[in-house]
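What the coordinates show
The primary structure of each chain is shown beneath.
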Amino acid sequence: MADESTNRAAFAVQAGYCDAMAAPVTAAIARALGTGITRASATGRRVLDWPGEPVADALVLRLIGGLHALHRAGGDADLARMFGGDPGDVDAVLVRHDAALLPWLDGPPQTNEAARSAGLMTGLLHVVARTAQPVAVLEIGSSAGLNLLIGRMRFDLGGVKTGPVGSPLVIRPDWKGPPPPAASVTVASARGVDIAPVDVRDAAQAARLAGYVWVDAAERLDRLETGIAMIRADPVALDAGDAADWVEARLAEPQADGVTRVLMHSVVWQYLPPATQARIREAMAAAGARATAARPLAWVMMEPNRDLHRHEVRVRLWPGDRPMELVALTHAHGAWVEGLAPPYETRDYVMRQPSY
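Residues numbered from 1 in each chain as written. Predicted model: local features only at pLDDT ≥ 70, side-chain atom pairs only at ≥ 80, totals over all residues. Heavy atoms only, no water.

**Quick notes on the overall build of the chain**
Put simply, the test is: Only DSSP runs of H or I with at least four residues qualify as helices, and only runs of E with at least two residues qualify as strands; both kinds are numbered from the N terminus onward. For a compact globule the rule gives 2.2 Å times the number of residues to the power 0.38, and the radius of gyration it is set against comes from C-alpha atoms. Exposed residues in this analysis have more than 50% of their type's maximum accessible area, buried residues have under 20%, and partly exposed residues fall in between, with area computed by a 1.4 Å probe over protein chains only.
A tally of regular secondary structure across the chain gives twelve helices and 13 strands. For 356 residues, the compact-globule formula gives about 21 Å, and the C-alpha radius of gyration of the chain, at 21 Å, lands near that figure. Principal axes of the C-alpha set define a box for the chain whose edges measure 65 × 45 × 35 Å. Burial statistics for the chain: of 356 residues in total, 52% are counted as buried.

So, in structure tokens, the structure goes:
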């Protein structure tokens, strides 16, 4: 069980992550909260008496997300100064907005970064280079479904371009290393699931999602707004449910000839209970054993490796006995992608703890 000292220290830990991610304003707010928060507000008392693991529970991001959402709503000079780079008297702000901030501590942050699709599309390029087929995408942990727009985005990945020309959402990360395979990806369908999906057609839910994007990340906020507009104009297929239940049900459905079925996910696996992970692995192995050249199955993931402090893009394709391959490394929010050259590292993916 954590204590006040541990809970305060979590703010410094998060500030360090923000420094590493070139987010100085959010880092300054985190540090100011860590030293300035008191028991004068119910929010302060709940934070200082947090019973769980504050870093694993993303306690700091919960609170900063609430503050950022209030700032985005406008009308508070102290919040404007805070998110302008001068945190000021953070405790006074907590006291004044106590009732509005408390609910933000009730659940973990919901983030959905469309630029992470750069890593996912890199994986899909490797799949399509081998199958030469359209893909039917199944995404777990879809949040608001921004990555389900992957067939409607335009990509430039190391000079390899795919996706509709003229798309309002262009994903062009800084590219390092060799480019991915030069293939054209056609997304025949895209369907996702989340335990608590965010419906961005609802203004309040969209505002909450934007609150979790750091104020330093103007490009991320622009992408989010563009993605929300695209979903509102043409909604994505997003279900509410358990990931393992959903994957098992989708893999049991008929698969069209000439279409590759792909399970994909980004920064999700770490949050699934071990039993859920095991069920998904078993379902994929069973479906892989049934896969044929006319009806292939693939697994594309973009997930953090805490042991090596990096985010990895890995690909597995059935039929075939090639293990899951590490084809690229990527920035946590998709700002850059580093393509890797064969022979690719092959090993199973393991995630022990959440990372932020």
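**Re the nonpolar core**
The condition is simple: Residues belong to a common nonpolar core when they are buried Ala, Val, Leu, Ile, Met, Phe, Trp, Tyr or Cys residues joined through side-chain atoms within 4.5 Å. Between two residues, a contact is recorded if the distance between any of their heavy atoms is within 4.5 Å.
The biggest cluster of nonpolar side chains holds 50 residues, and the ones touching the most others in it are Met 121, Leu 149, Val 200 and Val 300. If one sorts the elements of this core by residue count, helix 8 (residues 117–131) sits on top with seven residues. In contact with Leu 149, not counting residues within four places along its chain, are Leu 169, Gly 227, Met 230, Ile 231 and Val 236. Ile 29, Ala 58, Leu 101 and Trp 214 belong to the second largest nonpolar core, which has 32 residues in total.

**Some points on the pairing of strand 8 (residues 260–266)**
What counts here: Two strands form a pair only when DSSP identifies at least two bridges running between them.
In terms of burial, strand 8 is a largely internal element, seven of the seven residues being buried. Because side chains alternate across strand 8, one face comprises the buried residues Thr 260, Val 262, Met 264 and Ser 266, and the other comprises Arg 261, Leu 263 and His 265, equally buried. Where strand 1 (residues 135–140) lies against strand 8, five bridges are found, and the strand directions are parallel. If you follow Leu 138 over to strand 8, its bridge partner there is Leu 263. Alignment of strand 8 against strand 9 (residues 297–305), held across six bridges, turns out to be parallel. Each bridged residue has a counterpart across the sheet, and for Val 262 the counterpart in strand 9 is Ala 298.

**A few points about helix 9 (residues 203–211)**
Put simply, the rule reads: Distance and chemistry together define a polar contact, namely a pair of N or O atoms within 3.5 Å, with one atom able to donate a hydrogen and the other to accept it when in protein, and with adjacent residues in sequence counting only for side-chain atoms on both sides.
Taken together, the buried positions of helix 9 are Ala 206, Leu 209, Ala 210 and Gly 211. Buried positions along helix 9 lie against helix 4 (59–73) and helix 10 (218–233). The N-cap residue of helix 9 is Asp 202: its side-chain oxygen and the backbone nitrogen of Ala 204 are 3.2 Å apart.

**Some thoughts on the packing of helix 2 (residues 24–36) against helix 4**
Just so we agree on the cut-off: Each axis is a line fitted through C-alpha atoms, and for a helix only the stretch in contact is used; angles between axes span 0 to 180 degrees, taken between their N-to-C directions. Reported orientations rely on four angle classes, namely roughly parallel under 35 degrees, roughly antiparallel over 145, roughly perpendicular from 65 to 115, and oblique for the rest. Here a crossing is taken to be left-handed if its near helix is turned anticlockwise relative to the far helix by less than a right angle, and right-handed if that turn runs clockwise.
Viewed as axis vectors pointing N to C, helix 2 and helix 4 meet at an angle of 110°, and their least axial separation amounts to 11 Å. Taken together, the axes of helix 2 and helix 4 lie roughly perpendicular to each other. Between helix 2 and helix 4 lies a crossing of right-handed hand. Taking contact as the criterion, the partners of Thr 26, Ile 29, Ala 30 and Leu 33 in helix 2 are, on helix 4, Val 60, Leu 63, Ile 64 and Leu 67.

**What to know about the environment of Gln 255**
Mapping Gln 255 onto the fold places it in the loop between helix 11 (243–251) and strand 8. Expressed as a C-alpha distance, the spacing of Gln 255 and Ala 294, which sit 39 residues apart in the sequence, is 9.6 Å. Setting aside residues no more than four positions away along its own chain, Gln 255 makes contact with Thr 260, Arg 261, Arg 295 and Pro 296. A polar contact of 2.9 Å, which involves the side chain of Gln 255, links it to the backbone oxygen of Val 259.

**With respect to the sheet that holds strand 2 (residues 154–157)**
Taken together, three strands build an open sheet; the order of strands is 3-2-4 and the sheet is mixed. The strands lining the two open edges of the sheet, one partner per strand, are strand 3 (160–162) and strand 4 (170–171). Sheet strands touched by helix 8: strand 2, strand 3 and strand 4. Its angle to strand 2, the strand with the most contacts, is close to 80°.

**Considering the pattern of salt bridges**
The cut-off we apply is this: Whenever a carboxyl oxygen of Asp or Glu lies within 4 Å of a side-chain nitrogen of Lys or Arg, that contact is scored as a salt bridge.
Here the structure, examined in full by the defined rule, presents 27 salt bridges. With its nearest N and O atoms 3.7 Å apart, the salt bridge here joins Asp 156 to Arg 172. Placement of the pair is Asp 156 in strand 2 and Arg 172 in the loop between strand 4 and strand 5 (174–176), with a sequence separation of 16 residues. One salt bridge in this structure joins Arg 295 and Asp 257, with 2.6 Å as the shortest N-O distance. Linking Arg 295 in the loop between helix 12 (274–290) and strand 9 with Asp 257 in the loop between helix 11 and strand 8, this pair joins segments that are 38 residues apart in sequence. When salt bridges with common partners are traced through the structure, they connect Glu 4, Arg 8, Arg 39 and Asp 49 into a single cluster.

**Overview of the confidence of the model for the chain**
Using the following cut-off: Known as pLDDT, the predictor's per-residue confidence is scaled from 0 to 100.
In this model, the chain carries a mean pLDDT of 94, and residues with pLDDT of at least 70 account for 97%. Here residues 351–356 scores under 50 on pLDDT; set against residues more than four positions off or in separate chains, the count is 24 contacts.

**Quick word on unusual backbone geometry**
Note that the residue after Trp 318, namely Pro 319, is joined by a cis bond; omega there is 0°. Mapped onto the secondary structure, Pro 319 falls in the loop between strand 10 (310–318) and strand 11 (325–330). The omega angle of the peptide bond from Pro 342 to Pro 343 is 0°, so this bond is cis rather than trans. The residue Pro 343 is located in the loop between strand 12 (336–339) and strand 13 (345–346) in this model.

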